[in-house]
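# Residue-level structure breakdown
Chain residues, written in single-letter form:
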Amino acid sequence: MSPTATIVLIVVVLIVIAAVVYGIRVMRRKQLQNTFGPEYDRAVADSGSRTEAEKELREREKRHASLELKPLSAEDRATYSANWEEVQIQFVDNPERAVTAADDLVTRLITDRGYPTGEYDERLANLSVEHARTLEHYRQAHEISQRNTAGEANTEDLRQALVHYRALFADLLGTDPVPSTGINNSTPDSTSEGTAPAPRAAADDDSPARDTTR
């Protein structure tokens, strides 16, 4: 083989290798985008580097794979649905306590599903692998809940918090916690994925109050 032919062959091989490497990177990127949805863009924006963001998201996938997640039994789902219904009824008389109860209930559900409930940021990272499309609801609910604790949230803020909590709650539960009949379906953002109905008034349910503890 002539030197020229050898050089051409080497160049072709390098081009093929580069194309394969690029194809693998594109495929992995698409897989991350499909898995994390809006969280992918958020991670890139937060890190300022697509490479670093993708590395972090792959680490989340590895940590998530090591978790022993478990589905809820039909009995547990029914109990959680009843507890959530009581939170919504409580909102009518005491919005502040209802939002606190919603936060506690969501945290308990996260734990029962098998997720570790350590620091808030750790919870977000663990949930982002399977619940990325409702995670922004959790962020907004958490932010309002903090303002509620500081006495800086008004009634409309608290209503929005309950809407946001319900979106993640339903996603984790795997079903709408309360039948849609008689519920106001307004949401803070009608274009958001995984949005949930607003808290309903007490008149929507004539059943006796349920114990929200387990």
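The notes below deal with the structure included here. Computed from a predicted model, the values in this text were never measured in an experiment.

### Some words on the overall build of the chain
Counting its secondary structure elements, the chain contains 8 helices and 0 strands. When its helices and strands are written in sequence order, the chain yields α-α-α-α-α-α-α-α. Here the chain holds 214 residues, and the buried ones make up 39% of them. Within the chain, counting contacts between residues at least 6 apart in sequence, those at least 24 apart form 66% of the total.

### Side note on the pattern of salt bridges
Scanning the entire structure with this criterion turns up 12 salt bridges. With its nearest N and O atoms 3.8 Å apart, the salt bridge here joins K62 to E59. One end of the pair is K62 and the other is E59, both in helix α3 (residues 50-65) and 3 residues apart, which spans about a single turn. In this structure K62 comes out as exposed when scored by relative accessible area, which is 56%. A salt bridge links R159 to E156; its shortest N-O distance comes to 3.1 Å. A residue pair is termed a helical-turn pair when its members lie 3 or 4 positions apart in one helix, as R159 and E156 do in helix α8 (residues 155-173) at 3 residues. Each of E39, R42, D46, E56, R60, R63, E136 and R139 takes part in a single network of salt bridges with overlapping partners.

### Topic: the side chain of N148
You can see N148 is positioned in helix α7 (residues 135-149). Look at N148 and you get buried, because its relative accessible area is 10%. Here the side chain of N148 touches E96 through a polar contact of 3.2 Å, landing on its backbone oxygen. With near-sequence residues (within four places) excluded, N148 lies in contact with E96, V99, T100, A153 and L158.

### Here's the deal with the side chain of E39
Looking at the element boundaries, E39 is found in helix α2 (residues 38-47). Setting aside its immediate chain neighbours within four residues, E39 contacts R60, S128, A132, L135 and R139.

### So, the packing of aromatic side chains
Counted under the stated rule, the structure contains 3 aromatic pairs. On the basis of an interplanar angle of 65° and a centroid distance of 6.1 Å, the ring pair of Y80 and F169 is categorised as edge-to-face. Here Y80, found in helix α4 (residues 74-93), pairs with F169, found in helix α8; they are 89 residues apart in sequence, far enough to count as distant. Ring centres of W84 and F169 lie 4.8 Å apart, and the angle between their planes is 25°; this geometry places the pair in the stacked category. With a gap of 85 residues between them, W84 in helix α4 and F169 in helix α8 connect regions that are remote in the sequence. The exposure class of F169 is buried, given its relative accessible area of 0%. In textbook terms, an aromatic cluster arises when at least three aromatic residues are bridged by ring pairs, as seen for Y80, W84 and F169.

### Digging into the layout of surface pockets
One way to see where empty space is left: roll a probe the size of a water molecule over the atoms. For the second largest pocket, the calculated volume is near 160 Å³. If you go around the second largest pocket, you meet 13 residues; those closest to its centre are E39, A43, D46, R60 and R139. Secondary structure elements with two or more residues in the lining of the second largest pocket: α2, α3 and α6 (120-131). Per-element tally for the lining of the second largest pocket: the top contributor is α2, with 5 residues. Residue classes in the lining of the second largest pocket are distributed as 4 nonpolar, 1 polar and 8 charged.

Calculation notes
- Residues numbered from 1 in each chain as written.
- Predicted model: local features only at pLDDT ≥ 70, side-chain atom pairs only at ≥ 80, totals over all residues.
- Heavy atoms only, no water.
- Helix = DSSP H or I, 4+ residues; strand = E, 2+ residues; numbered from the N terminus.
- Buried < 20%, exposed > 50% of the residue type's maximum accessible area, 1.4 Å probe, protein only.
- Contact = heavy atoms within 4.5 Å.
- Salt bridge = Lys/Arg side-chain N within 4 Å of Asp/Glu carboxyl O.
- Polar contact = N/O pair within 3.5 Å; in protein donor to acceptor, adjacent residues only side chain to side chain.
- Phe/Tyr/Trp six-rings, centres within 6.5 Å; stacked < 30°, edge-to-face > 60°.
- 1 Å grid on protein atoms, 1.4 Å probe; cavity = no way out; pocket = protein on both sides within 12 Å on 5 of 7 lines; lining within 4 Å.
- Points joined across faces, edges and corners; volume = space filled by probe spheres on them.
- Nonpolar A, V, L, I, M, F, W, Y, C, P; charged D, E, K, R; others polar.

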